[in-house]
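Okay, here's what each chain looks like letter by letter:
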Amino acid sequence: LNMEINLRNAIAKNELQLYFQPQYRAKDRVLCGAEVLIRWFHQVDGQIKMVPPNHFIPVAEESGLIVDIGRWILRTACKQLKTWQQEGIPLPQVSVNISARQFSDPDFLEMVENALGDSELAPEHLELEITESMLVGDIKRIELQLKRLKKMGIHLALDDFGTGYSSLSYLKNFPIDVLKIDQSFIREMTNDSRDANIVRAIIEMGHSLGQKIIAEGVETEKQLGYLVGRECDIIQGYFFSPPLPGHKMTDLLCSER
Ligand code: G
Ligand code: G
Ligand code: MN
Ligand code: NA
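Position numbers for residues count from 1 along each chain, tracking the sequence in the order it is written. Chain A is the first chain written and ligand 1 is the first ligand written, with later ones labelled in order. For this predicted model, a pLDDT threshold of at least 70 governs which residues receive local features, and a threshold of 80 or more governs which side-chain atom pairs are given and counted, while totals over whole chains, interfaces and linings are taken from all residues.

### Side note on the site of ligand 2
- Among the 13 residues in the neighbourhood of ligand 2, the closest are listed as Gly217, Glu219, Gly237, Tyr238 and Pro243.
- Just so you know the grouping, Ala, Val, Leu, Ile, Met, Phe, Trp, Tyr, Cys and Pro go in nonpolar, Asp, Glu, Lys and Arg go in charged, and all remaining residues, Gly too, go in polar. For the shell around ligand 2, a count of residues per class yields four nonpolar, five polar and four charged. Near, as applied to residues and a molecule or strand, means the residue's backbone-placed C-beta atom lies within 6 Å of it.

Structure, rendered in structure tokens:
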């Protein structure tokens, strides 16, 4: 409850910050996007402590605060990318995590439209990350919502792919552009042939459905080599970069220009 009260004030107190984790095209290592990851720098008695998102996002979800926080995240991400574009240091796209509660909010589509409209960011520069767990329930409503987002020109990515409970048949009906292979498969891939085989199968299946594949949590040259060999499209992970605060991301964009 304490955390909920503190979190309620976090936006107003400027305690939330966007971090950006660069994503690179596997075949030529060209920077092609960034995932937005939230950080909470909570001030207590003059001390600043970083509260990790796995601690406060669930609290934000349960309390419903995620609707306001998620709106702030999306709007801030769109504005930041637009600013980089205007400064001549463009990034092709930002990818923003959407939580289940946000996605099922009746005003979600309008919120996304407003974030794009107010920032004047073109929709093709925005990707939304949803998870398999959000694809169960009212299938007709979900399908309609995804199709409307697609029609707006936004890209859709399925995060943590392979760890949820959704049926693969959804991949046939839902307009998903990108599969993000969960870190847990990448971690053991070069030690455990079962993980390597799952990764290979996800890449082949995704490609056969016209999807791009992102590998997350790539930390080693060996993992990168395997993924490049299997024609994985995009690489994200500590091998290239951890999530960076905005000013560090600006430095990186300038150096890659
Ligand atoms: O960045 P980190 O690895 O600490 O993130 C931990 C978890 O928090 C991940 O599952 C990630 O999806 C989630 N998370 C990070 N940033 C956001 C965000 O902006 N919105 C939502 N809904 N979840 C986030
Ligand atoms: O659930 P989601 O995929 O959105 O969460 C991404 C999380 O993974 C973030 O907390 C991010 O900080 C973390 N992360 C990003 N790259 C790596 C990596 O190479 N190794 C590990 N262990 N974690 C990573
Ligand atoms: Mn994600
Ligand atoms: Na993930």
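### Focus: the nonpolar core
- The biggest cluster of nonpolar side chains holds 61 residues, and the ones touching the most others in it are Ala77, Ile181, Ala215 and Ile235.
- With eight residues, the single largest contributor to this core is helix α3 (residues 66–86).
- Ignoring anything within four residues of it in the chain, the contact list for alanine 77 reads Leu18, Val36, Val94 and Val96. What we call a nonpolar core is a set of buried Ala, Val, Leu, Ile, Met, Phe, Trp, Tyr and Cys residues whose membership is set by joining through C-beta atoms within 7 Å. Any residue whose C-beta has 12 or fewer other C-beta atoms within 10 Å is treated as exposed, any with 20 or more as buried, and any in between as partly exposed, C-beta atoms being built from the backbone. The secondary structure listing takes helices from DSSP runs of H or I that are at least 4 residues long and strands from runs of E that are at least 2 residues long, numbered from the N terminus. This entry defines residue contacts through backbone-placed C-beta atoms, with two residues in contact when those atoms are within 7 Å.

### Quick notes on the site of ligand 1
- In the vicinity of ligand 1, the residues found are Val36, Leu37, Ile38, Pro52, Pro53, Asn54, Ile57, Ile73, Asn97, Ser99 and Pro243.
- Sorting the residues of the shell around ligand 1 by element identifies β2 (31–44) and α2 (53–63) as the ones contributing at least two each.
- For the shell around ligand 1, the class distribution of residues is eight nonpolar, three polar and no charged.

### With respect to the pairing of strand β8 (residues 212–215)
- Two strands pair when backbone bridges link them, and strand β7 (residues 178–181) and β8 are joined in this way by four bridges, in the parallel orientation. Within β8, the position partnered with valine 178 by the bridge is lysine 212.
- What makes two strands pair is DSSP finding at least two bridges between them. Bridge analysis of β8 against strand β9 (residues 234–236) gives two bridges, and the strand direction is parallel. Considered in β9, the bridge of alanine 215 is made with isoleucine 235.
- When the strands point away from the viewer and the path from the first strand over the helix to the second turns clockwise, the crossover is right-handed. Between the parallel pair β8 and β9, the chain is carried across by helix α10 (residues 221–229), and the sense of this crossover is right-handed.

### Let's talk about the packing of helix α1 (residues 2–10) against α2
- Between α1 and α2, whose axes approach to 10 Å, the crossing angle comes to 90°. Between α1 and α2, the crossing angle belongs to the class labelled roughly perpendicular. Residues Met3, Glu4 and Leu7 of α1 touch α2, and the partners they reach there are Phe56, Val59, Ala60 and Ser63. Working convention: axes come from line fits to C-alpha atoms, limited for helices to the stretch in contact. Angles between N-to-C directions cover 0 to 180 degrees. If an angle is under 35 degrees, it is roughly parallel; if it is over 145, roughly antiparallel; if it lies from 65 to 115, roughly perpendicular; otherwise it is oblique.

### Here we look at the confidence of the model for the protein
- Counting all residues, the mean pLDDT for the protein is 96, and 100% of those residues have values of 70 or more.
- Interface confidence for the predicted complex, expressed as ipTM, amounts to 0.96; the pTM equals 0.97. One number per residue, pLDDT, summarises how confident the predictor is, and it ranges from 0 to 100.

### What about the pairing of strand β6 (residues 155–161)?
- The buried fraction of β6 is high, at five of seven residues.
- Two strands pair when backbone bridges link them, and strand β5 (residues 126–131) and β6 are joined in this way by five bridges, in the parallel orientation. Bridge assignment links glutamate 129 to a residue of β6, and that residue is alanine 157.
- In this region the chain leaves β5, passes through helix α6 (residues 139–152) and returns to the parallel neighbour β6; the handedness of that crossover is right-handed.
- Pairing of β6 with β7, which is carried by three bridges, proceeds in the parallel orientation. Paired with phenylalanine 161 across the bridge in β7 is isoleucine 181.

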